[in-house]
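Survey of secondary and tertiary structure
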Amino acid sequence: MIQIQAYSPEHAAGVVDVILPIQQQEFEIPITLEGQPDLKDIPGFYQKGRGNFWVALDQGRVVGTISLLDIGNDQVALRKMFVAASHRGREHGTAARLLEGAIAWAREQGVRQVFLGTTAKFLAAHRFYEKNGFRLIEKTELPSAFPVMVVDTRFYALDCA
């Protein structure tokens, strides 16, 4: 049974073990742990303001991640949404549960809008976000505080209010 819970330091290695192989091997994105300082300080980077970071656990093992980064103005950036290949798909519901939990949190915190950036390669992610109410937007529609990643080429927004 998959459990969703807020990140705590004992999840650090599991988070890296899920995210890096997906980025580097599955999607051949040339990124390292050193290039992602947020992953070395999840509490200091994500777990402040209206932000947070969650993990999906299967018998205590991290199998998925999602985070919201507070960017001010009642807005957050959805980041680090990754699910291990073994736990993807409707039958597991891991991605849906992670996203539903993050959006519910955002609404409870009074967030008005959630923004995200993704790469052109993440085709299944595009369908997933669109199915869950996100609308495709132009880069020019992003708030100035949104942290655009070098690999981001597609952008989405969700109104929470």
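Below or above, wherever it landed, is the structure these notes cover. As the structure is a prediction and not an experimental result, all values here were calculated from the model. (Residues numbered from 1 in each chain as written. Predicted model: local features only at pLDDT ≥ 70, side-chain atom pairs only at ≥ 80, totals over all residues. Heavy atoms only, no water.)

**Overview of the environment of V62**
Rules: Per the convention used, a helix needs a DSSP run of H or I reaching at least four residues, while a strand needs a run of E reaching at least two, with both numbered from the N terminus. Every residue pair with non-hydrogen atoms within 4.5 Å of one another is taken to be in contact.
Tracing the sequence through the fold places V62 in strand β3 (residues 61-72). Once the C-alpha coordinates of V62 and G14 are considered, the two residues, 48 residues apart in sequence, prove to be 5.1 Å apart. Residues within four places of V62 in sequence aside, it is in contact with H11, G14, V15, V18, V55, A56 and L57.

**As for the pairing of β3**
Look at any regular strand and the pattern is simple: side chains alternate between the two faces of the sheet. As a reminder of what qualifies: Type-normalised accessible area, obtained with a 1.4 Å probe on protein chains alone, sets the label of each residue: buried when under 20%, exposed when over 50%, and partly exposed for intermediate values. For two strands to count as paired, DSSP must find a minimum of two bridges between them.
Burial within β3 is extensive, with nine of its twelve residues counted as buried. Looking at chain direction, strand β2 (residues 52-58) and β3 are connected through seven bridges and run antiparallel. Across the sheet, residue D58 finds its bridge partner in β3, namely R61. If you look at the hairpin formed by β2 and β3, you'll find two residues sitting between the two strands, and Q59 has a positive phi there, around 55 degrees. Relative to strand β4 (residues 75-83), β3 runs antiparallel, the two sharing seven bridges. Pairing of S67 across the sheet is with R79, part of β4. Connecting β3 to the antiparallel partner β4 that follows it, the hairpin turn spans two residues, and N73 within it adopts a positive phi of roughly 55 degrees.

**With respect to the layout of surface pockets**
Just so we agree on the cut-off: A cavity here means a set of 1 Å grid points, computed over protein atoms only, where a 1.4 Å probe fits but cannot escape. A pocket is an open set with protein on both sides within 12 Å along at least 5 of 7 lines, and lining residues have an atom within 4 Å of a point. Grid points are joined across faces, edges and corners, and a volume is the space filled by probe spheres set on the points. Ten residue types, Ala, Val, Leu, Ile, Met, Phe, Trp, Tyr, Cys and Pro, are classed as nonpolar, four, Asp, Glu, Lys and Arg, as charged, and the remainder, Gly among them, as polar.
The calculated volume of the largest pocket comes to roughly 1000 Å³. Along its surface, the largest pocket is lined by 42 residues, and M81, F82, F122, A125 and Y129 are the ones closest to its centre. With seven residues, the top contributor of residues to the lining of the largest pocket is helix α4 (residues 123-131). Looking at side-chain class alone, the lining of the largest pocket contains 23 nonpolar, ten polar and nine charged residues.

**Topic: unusual backbone geometry**
The backbone of N73 sits at a positive phi, close to 55 degrees, despite the residue not being glycine. Within the element layout of this structure, N73 appears in the loop between β3 and β4. The phi torsion at K80 lies on the positive side, around 55 degrees, for a residue other than glycine. Counting through the fold element by element, K80 comes out in strand β4. Judged by relative accessible area, which is 10%, K80 ranks as buried.

**Focus: the pattern of salt bridges**
Using the following cut-off: Counted as salt bridges are all cases of a side-chain nitrogen of Lys or Arg within 4 Å of a carboxyl oxygen of Asp or Glu.
A full pass over the atoms with the stated rule returns six salt bridges. The residue D38 makes a salt bridge to K80 at a minimum N-O spacing of 3.7 Å. Remark: K80 occurs in strand β4 and D38 occurs in the loop between α1 (12-26) and α2 (42-45); sequence separation between them is 42 residues. Note on D38: relative accessible area 5%, which makes it buried. Look at the salt bridges and you will find they share partners, linking R50, D74 and R112 into a network.

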